[in-house]
Amino acid sequence: MLSRRTLLAAALLLGASPALAQSPAPTAKLPVVASFSILGDFVKNVGGDRISLATIVGPNSDTHVYQPTPNDAKKLAAAKVIFVNGLGFEGWMDRLVKASGTKATVVVATKGITPRERSKDEPQEDEAPKGKKDAHAGHDHGPIDPHAWQSVANAKIYVANIRDGLIAADPAGKDVYTANAAAYTAKLDQLETEVKAAIAAIPEQNRRIITSHDAFGYFGDAYGLKLLAPEGVSTESEASAKDVGKIIRQIKTQKIPAVFLENVTNPRLVDRIAKESGAIVGGTLYSDALSDDKGPATSYIDMERYNIRQLAGALTK
Ligand code: ZN
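This is a predicted model, so every value here is computed, not measured. (Residues numbered from 1 in each chain as written. Predicted model: local features only at pLDDT ≥ 70, side-chain atom pairs only at ≥ 80, totals over all residues. Heavy atoms only, no water.)

1. Details of the sheet that holds strand β10 (residues 280-285)
If you trace the four strands from one edge of the open sheet to the other, you get β8-β7-β9-β10, paired in parallel fashion. With partners counted over all chains shown, the strands left at the sheet margins are β8 (226-228) and β10, one partner each. Going across the sheet, the axis of each strand differs from the next one's by a mean of 30°, ignoring polarity. The pairing of strand β7 (residues 208-211) with β8 spans three bridges and is parallel. Looking at the pairing, Ile210 lines up with Leu228 of β8. (Pairing = 2+ DSSP bridges. Helix = DSSP H or I, 4+ residues; strand = E, 2+ residues; numbered from the N terminus. Axes fitted to C-alpha atoms, helices over the stretch in contact; angles between N-to-C directions.)

2. A closer look at the sheet that holds strand β4 (residues 105-108)
Spatially, β2-β1-β3-β4 is the arrangement adopted by the four strands of the open sheet, whose pairing is parallel. Taken across any chain shown, the strands that pair with only one partner, and hence form the sheet edges, are β2 (51-57) and β4. Averaged over neighbouring strand pairs, the angle between their axes works out to 25° when direction is ignored. Alignment of strand β3 (residues 81-84) against β4, held across four bridges, turns out to be parallel. By the bridge assignment for β4, Ile82 is matched with Val106. Most of the contacts of helix α3 (residues 70-78) go to β2, to which it runs at about 150°, and overall it touches β1 (30-36), β2 and β3. (Contact = heavy atoms within 4.5 Å.)

3. Digging into the packing of aromatic side chains
Under the defined criterion, the tally for this structure stands at 10 aromatic pairs. Ring centres 4.9 Å apart and planes at 70° place the aromatic pair Phe36 and Phe89 in the edge-to-face group. With Phe36 in strand β1 and Phe89 in the loop between β3 and α4 (93-100), this residue pair connects regions lying 53 residues apart in the sequence. A residue is classified by how much of its surface remains accessible, and Phe89, at 1% relative accessible area, is buried. (Phe/Tyr/Trp six-rings, centres within 6.5 Å; stacked < 30°, edge-to-face > 60°. Buried < 20%, exposed > 50% of the residue type's maximum accessible area, 1.4 Å probe, protein only.)

Next comes the structure, spelled out in structure tokens:
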């Protein structure tokens, strides 16, 4: 049985609790960092109101060759969880994590994805590009393609990894993260159906395109589009004259109908290839980054929809 004194003490504690509740801890958002804009969109969809998100590489920017700033180190230092793509996409990240002194958990969002290797058709990096020796020193670029998000099936794996990473850092949010991930995954299912239908509607002999760097390999493998790129899977290595000449010959002999610009790469190379090969420029595809607020691809779902419209527009005749 409770004594009067115990009850009194409890009442005092309850009375005191409004003052204690002014501590921001119960409502503070989980500080989270995503390495680039597309991944940031996934994290935002799963984290919702419970997180405060900082993204390192912003819209229309190239993650392959990004140069971190002191402000980025501050973002990492303040974070509890850091989401990265992995597969060699953010070559600068390990050093930045170390330099920042962050205690955050680093979650690789592509964990469990089957990595795609570059096909034999693509130019190989057998000749080291001039002036790039330092960038290449100490790590192996290898043949692994990091652009796994371009397959919507893979995007669902990103979402599951993000959900699990957020729950590990903030167990109290488990129900919210689980529900958000499920709702967003349902949208991705719908998107995947749209993408498959859009590519299936393009005449088979037209399902071949050129982009400046090899960012759509997972997309092509998943939906049946053949892609060639003079630059390989990273924008770090420039296309050699030999690679460009080979692509131009392939466009002519294989009658590849269209070449596409990308929002993160310089249009000059693709423009030149179009001029010399007679292929049309089919438009701009969003490869490694979302658009800014004024653009047509402010979210992953809008990006994929925009890309399939561009493809269908140029390849359906
Ligand atoms: Zn890329």
